[in-house]
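Chain and residue survey
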Amino acid sequence: MTTIGLLTAGGDCPGLNAAIRGVVMRASAAGAMVVGVENGWAGLMEGRSRLLGRDDVRGISVRGGTILGTSRKDPYVHGSGLASIKPTLDATGIEALIVIGGDGSLRSGAMLASEGLAVIGVPKTIDNDIAGTDVSFGFGTAVQIVTDAIDRLTTTAEAHNRIMVIEVMGRHSGWIALHAGLAGGAEAILVPEVPYDLADLSARLVARHRSGRDYSIVVVAEGVVDPRGDAVTAGADILGFERFGGVSMSIATELERLTGYETRVMILGHLQRGGTPIASDRILAARLGVKSAELALAGKYGVMAAVKNGEIVAVDLASACAEPRLLPRSLYDEAAWFGA
Ligand code: F6P
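First, a word on scope: everything that follows refers to the structure included in this document.

**Brief notes about the pairing of strand β8 (residues 216-221)**
Across the 6 residues that make up β8, a large majority, 6, are buried. Side-chain alternation along β8 places Ser216, Val218 and Val220 on one buried face and Ile217, Val219 and Ala221 on a second face that is also buried. Inspection of the sheet shows strand β7 (residues 188-190) paired to β8 by 3 bridges, in the parallel sense. Residue pairing across strands places Ala188 opposite Val218, the latter belonging to β8.

Printed below as a string of structure tokens:
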């Protein structure tokens with residue numbers, strides 16, 4: 001009987017439970033045992049795990065978060081790599097480890113694979129920035145949440161003839177901003193991949209309001225630079241990782257000064273990661289979970305389950321997360337046709 005370890009690491013995202021269910025259902029059907037590691041890499045470093053069977057994953061796909069818990073603790077940043085998780089691997093009998101994570105957790109998985117551990121990756125992130133897959137689960141739900149927020153913020157902006165600046169997550173990429181901005185009909189979308197010009201944008205917004213439109217929506221990705229061109233961070237978290245958030249404040253101040261229109265800011269923050277996953281994220285997560293279990297059962301390690309042209313395939317883990325997947329300029333240019 002194969003013993004498969006399973007963990008969810010890094011920031012949570014909608015769809016994690018559907019992926020866990022996919023792994024457990026497929027592995028159980030093959031008679032394999034699944035050891036669920038609690039709180040991401042922290043559980044492997046500190047020896048916290050429990051067995052997961054079919055009964056444990058019943059009905060969980062609809063739930064946001066992760067039944068296993070997660071954390072940003074990392075075996076290389078806060079430990080000594082394989083050596084720091086070896087005692088738990090030995091105690092639990094884990095032979096292959098499925099890591100459901102974003103780029104950072106997958107990179108650590110790849111490093112453990114290079115130290116000899118049997119690792120399979122599953123990409124998850126609302127940021128959609130993992131290079132080795134066409135799309136990650138969690139992204140679609142985040143885009144839907146932001147789109148719903150834009151719809152609501154539009155009516156209050158319109159009532160006051162205001163500019164509404166909406167800041168969204170995404171770290172160094174503008175996938176969420178671009179997609180939600182397009183879906184919500186934003187007048188401008190600022191992303192880290194493309195420089196912006198607030199004087200030019202302000203002129204366009206003023207012309208728009210003067211022509212009778214009583215609101216403007218400006219979507220700002222959290223990773224853009226501020227109006228002076230400086231990177232903005234919210235400092236380091238308690239584990240030492242860089243935090244984003246707040247750049248929209250100085251952008252809004254400058255827009256208000258340049259346009260003369262009242263401007264308000266909405267930072268959507270963790271709302272974008274909470275709650276029920278949309279159906280397509282549940283389906284994608286379930287399929288990737290099943291695929292990762294099949295890879296573990298087949299003894300194929302150092303790979304990541306991924307989406308390529310609509311198919312679920314295995315790609316090399318190390319190269320899948322080596323560089324972030326940034327927004328292509330062509331997508332940005334398409335969306336620009338709908339701007340102010
Ligand atoms: O990587 C996912 C993400 O939601 C980013 O978009 C965001 O910057 C970050 O995580 C927030 O992390 P935390 O939950 O640790 O504050």
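**Quick word on helix α5 (residues 139-160)**
Here α5 contains 22 residues, and its C-alpha end-to-end distance of 32 Å stays within 8% of the 32 Å for a straight helix at 1.5 Å per residue. Looking only at α5, the buried set comprises Phe139, Thr141, Ala142, Val143, Ile145, Val146, Thr147, Ala149, Ile150, Leu153, Thr154 and Ala157. Summarising the contacts, the buried residues of α5 are in contact with β6 (163-168), α6 (175-184), β8, β9 (263-267) and α9 (279-297). Phi for Asn161, located one or two positions after α5, is positive at around 55°.

**Looking at the nonpolar core**
Ranked by internal contacts, the top residues of the largest apolar core, which has 80 residues, are Leu6, Ile20, Ile98, Ile100, Phe137, Val218 and Leu255. Here this core takes 8 residues from α5, the largest share from any one element. If near-sequence neighbours (up to four positions away) are discounted, Leu255 is found in contact with Ile163, Val165, Leu198, Leu201, Ser202, Leu205, Val218, Gly260 and Thr263. Of all hydrophobic cores here, the second largest spans 25 residues; its members include Met45, Ile94, Leu112 and Val119.

**As for the sheet that holds β7**
The 4 strands are arranged β7-β8-β6-β9 in an open sheet whose pairing can be described as parallel. In the strand order of this sheet, the two ends are held by β7 and β9, each with one partner. Pairs of neighbouring strands in the sheet enclose a mean axial angle of 20°, with direction left out of account. Across the sheet, helix α7 (residues 198-210) touches β6, β7 and β8, and the angle it forms with β8 is around 155°.

**Some details on the packing of helix α1 (residues 16-29) against α9**
If you want to describe how two helices pack, look at the angle between their axes and the distance between the axes. With their axes 7 Å apart at the nearest point, α1 and α9 run at an angle of 40° to one another. In terms of orientation, α1 and α9 fall into the oblique class. Pair α1 / α9 crosses with right-handed handedness. Only Arg282, Ala285, Ala286, Gly289, Val290, Ser292, Ala293, Glu294 and Leu297 of α9 make contact with α1, whose side of the interface consists of Ala18, Ala19, Gly22, Val23, Arg26 and Ala27. Of the residues that constitute the contact of α1 with α9, the class distribution is 9 nonpolar, 3 polar and 3 charged.

Definitions and limits used
- Residues numbered from 1 in each chain as written.
- Predicted model: local features only at pLDDT ≥ 70, side-chain atom pairs only at ≥ 80, totals over all residues.
- Heavy atoms only, no water.
- Buried < 20%, exposed > 50% of the residue type's maximum accessible area, 1.4 Å probe, protein only.
- Helix = DSSP H or I, 4+ residues; strand = E, 2+ residues; numbered from the N terminus.
- Pairing = 2+ DSSP bridges.
- Expected span 1.5 Å × (residues − 1).
- Contact = heavy atoms within 4.5 Å.
- Core = buried A, V, L, I, M, F, W, Y, C linked by side-chain atoms within 4.5 Å.
- Axes fitted to C-alpha atoms, helices over the stretch in contact; angles between N-to-C directions.
- Parallel < 35°, antiparallel > 145°, perpendicular 65-115°, else oblique.
- Left-handed = near helix turned anticlockwise from the far one by under 90°.
- Nonpolar A, V, L, I, M, F, W, Y, C, P; charged D, E, K, R; others polar.

As far as function goes, none of this settles anything; it's purely spatial.
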